[in-house]
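The lines below spell out each chain.
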Amino acid sequence: MTEAKPLRAPDLAAMKSRGEKISMVATYDATMARLFDQGGIDVLLVGDSLGMVILGGDDTLQVTVDDMIRHTRAVRRGSKRALVLADMPFMSYQASVSSAVRNAGRLMQQGEAMAVKLEGGAPVMPTVERLVSIGIPVVGHLGLLPQSVHQLGGFRRQGGSQQARQRLHEDAAALESAGACAVVLECIPDELAKEVTARLKIPTIGIGSGPHCDGQVLVSYDLLGLTSKTPPFVRKYAKLDQAVLDAAKAFIKDINDDIAGESKDVKGA
Ligand code: KIV
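The paragraphs below set out a description of the structure included in this document. Fair warning: this is a prediction, and the values are worked out from it, not measured in the lab.

Of the two faces of strand β7 (residues 204-207), the one holding T204 and G206 and the one holding I205 and I207 are both buried throughout. On the question of chirality, the crossover connecting strand β6 (residues 182-186) to the parallel β7 by way of helix α9 (residues 190-199) is right-handed. In this structure, β7 lies alongside strand β8 (residues 215-219), joined through two bridges in parallel fashion. Its bridge partner being in β8, I205 is matched across the sheet by G215.

Spatially, the eight strands close up into a barrel ordered β1-β2-β3-β4-β5-β6-β7-β8, and their pairing is parallel. Taking each pair of neighbouring strands and ignoring which way they run, the sheet shows an average axis angle of 25°.

Moving on to α9. Those residues of α9 not exposed but buried are L192, A193, V196 and T197. All buried residues of α9 lie within an arc of 135° about the axis, which places them on one face of the element. Exposed side chains of α9 directed beyond 90 degrees from the buried face belong to A198 and R199.

Around the ligand, the surrounding shell consists of A26, L45, G47, D48, S49, D87, K117, H141, V184 and I207. The protein chains hide 94% of the 260 Å² of surface that the ligand would expose on its own.

Two side chains carrying opposite charge are able to pair once their charged atoms lie near each other. Counting across every chain of the model gives seven salt bridges. We note a salt bridge from D66 to R106, for which the minimum N-O separation is 2.7 Å. Of this pair, D66 sits in helix α4 (residues 65-78) while R106 sits in helix α5 (residues 97-109); the two residues are 40 residues apart in sequence, bridging distant segments of the chain. With relative accessibility at 26%, the residue R106 sits in the partly exposed group.

Axis separation between helix α2 (residues 30-38) and α4 bottoms out at 7 Å; the angle between their running directions is 40°. With respect to α4, the axis of α2 lies oblique. Once α2 is placed against α4, the crossing between them reads as right-handed. Of the residues in α4, those touching α2 at A30, A33 and R34 are A74, V75 and G78. Across the contact of α2 with α4, the residue classes tally to four nonpolar, one polar and one charged.

A few words now on the environment of R73. Considering the arrangement of structural elements, one finds R73 in helix α4. The exposure class of R73 is partly exposed, given its relative accessible area of 26%. Measuring from C-alpha to C-alpha, the distance between R73 and T27 comes to 12 Å, with 46 residues separating the pair along the chain. With sequence-adjacent residues up to four places away left out, R73 is seen in contact with Q110, G111 and E112.

Time to look at unusual backbone geometry. Among all residues except glycine, the phi angle is most often negative; among peptide bonds, the trans geometry is most common. Here M91, not a glycine, exhibits a phi torsion of approximately 70°, which is positive. Of note, M91 is situated in the loop between β3 (83-87) and α5. Classification of M91 by relative accessible area gives partly exposed; the value is 45%. In the Ramachandran plot, D258 falls in the positive-phi region, its phi being about 60° despite a non-glycine side chain. Following the sequence through the fold, D258 ends up in the segment after α11 (240-256).

Rules used in this analysis
Residues numbered from 1 in each chain as written. Predicted model: local features only at pLDDT ≥ 70, side-chain atom pairs only at ≥ 80, totals over all residues. Heavy atoms only, no water. Buried < 20%, exposed > 50% of the residue type's maximum accessible area, 1.4 Å probe, protein only. Helix = DSSP H or I, 4+ residues; strand = E, 2+ residues; numbered from the N terminus. Right-handed = clockwise from strand over helix to strand, strands pointing away. Pairing = 2+ DSSP bridges. Axes fitted to C-alpha atoms, helices over the stretch in contact; angles between N-to-C directions. Arc of directions from axis to C-beta. Near = heavy atom within 4 Å. Areas by Shrake-Rupley, 256 points an atom, 1.4 Å probe, with all protein chains shown as cover. Salt bridge = Lys/Arg side-chain N within 4 Å of Asp/Glu carboxyl O. Parallel < 35°, antiparallel > 145°, perpendicular 65-115°, else oblique. Left-handed = near helix turned anticlockwise from the far one by under 90°. Contact = heavy atoms within 4.5 Å. Nonpolar A, V, L, I, M, F, W, Y, C, P; charged D, E, K, R; others polar.

Given below as structure tokens:
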């Protein structure tokens, strides 16, 4: 059997033009990457949500470029077909265009990312332009910007006012004209996401923004039912939390029954 060709940044716009939906999952390690890749997920996002999901923090701000490099390399090792997209963490691109170039370069070279994602619209346009001009594909991120959680006053839905809607349209157009290959729309009204999706040639990937985007993204631990607190828009496609609890209990029982160390499958399956 021939192996599927790996997806690359230009394939995303091609998928939109063919009317094919894009699937994206935030993934942080080689094992999960292998499974989601085999399952056919198009884009494995090494999200800076790893600061919350993996490192147990309250937000994403403590994640470093070194953290992202380590996890991106792991995801790349686990995957064959999916496009591996790495988040640029807080303060890795805000200080200057040159620091953004340096850090995006490290994510591509040391982390083996195939594209990077950064948050914001018009203010990051010069950075997006520069990265794209040197061959680094960029995905934008608008709406709820987790790296601005303190300024936003929490993880709140965005795009409610007429002014915010107008700004979001302008930011999306700015990202497209700067050369971004896709844009994530997080927690904005369904109708606004639909309008932005219709206006852009590049694909929109929604999270908590309704069904009309060109693709959807969820955090792997949320969609697998491993996290206890999930946003209301998250659909759980499995209940792995219960499976883990059951496995832990079964293991403890086998230890107490003095059969856990046997070298064959003690359940005889
Ligand atoms: O970090 C992340 O997982 C993300 C997604 C929520 C889009 O940016």
